[in-house]
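# Architecture at a glance
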Amino acid sequence: MPTIIAELVRLALSHGLSDSSLDERVHNAASSAAAAANSDGLPGQIAFLISQIGVGETCKIIGVPMPDSSDMPEISAPRVISECG
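We now turn to the structure provided with this report. (Residues numbered from 1 in each chain as written. Predicted model: local features only at pLDDT ≥ 70, side-chain atom pairs only at ≥ 80, totals over all residues. Heavy atoms only, no water.)

What follows covers the overall build of the protein chain. A count of helical and extended segments in the protein chain gives three helices and zero strands. In the protein chain, the succession of α and β elements from N to C terminus is α-α-α. Counting over 85 residues, the protein chain shows a buried share of 7%. (Helix = DSSP H or I, 4+ residues; strand = E, 2+ residues; numbered from the N terminus. Buried < 20%, exposed > 50% of the residue type's maximum accessible area, 1.4 Å probe, protein only.)

Printed below as a string of structure tokens:
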């Protein structure tokens with residue numbers, strides 16, 4: 001059973017799209033997500049960074065040690081996924 005990503009890649013290729021066809025759209029979507037995270041202040045920025053690069057790299061960026069995971073609740077950052085329509 002193909003994944004939704006594999007199926008959409010197949011359909012995109014069948015419609016003549018190439019690896020560079022969506023460059024601008026991807027950039028715009030990432031830019032919009034980053035702007036929304038920045039609008040949410042430090043909590044939104046940290047959540048965004050965690051969703052993109054993980055807790056360890058985020059800790060390195062903000063200059064703090066990695067928290068002891070036994071003392072921390074599960075961390076999850078929302079990702080915006082829209083349906084094709």
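This next bit is on helix H3 (residues 41–62). Counted at 1.5 Å a residue, the expected span for H3 with its 22 residues is 32 Å, but the 14 Å between its end C-alpha atoms falls short. If you look at H3, its biggest bend is around 120°, right at Ile 53. All of the buried residues in H3 are Gly 44, Ile 50, Ser 51, Thr 58 and Cys 59. Check the buried side of H3 and you find it contacts helix H2 (23–39). Once H3 ends, the next one or two residues include Gly 63, with phi positive near 75°. (Expected span 1.5 Å × (residues − 1). Bend = angle between axes of the 7 residues up to and from the residue. Contact = heavy atoms within 4.5 Å.)

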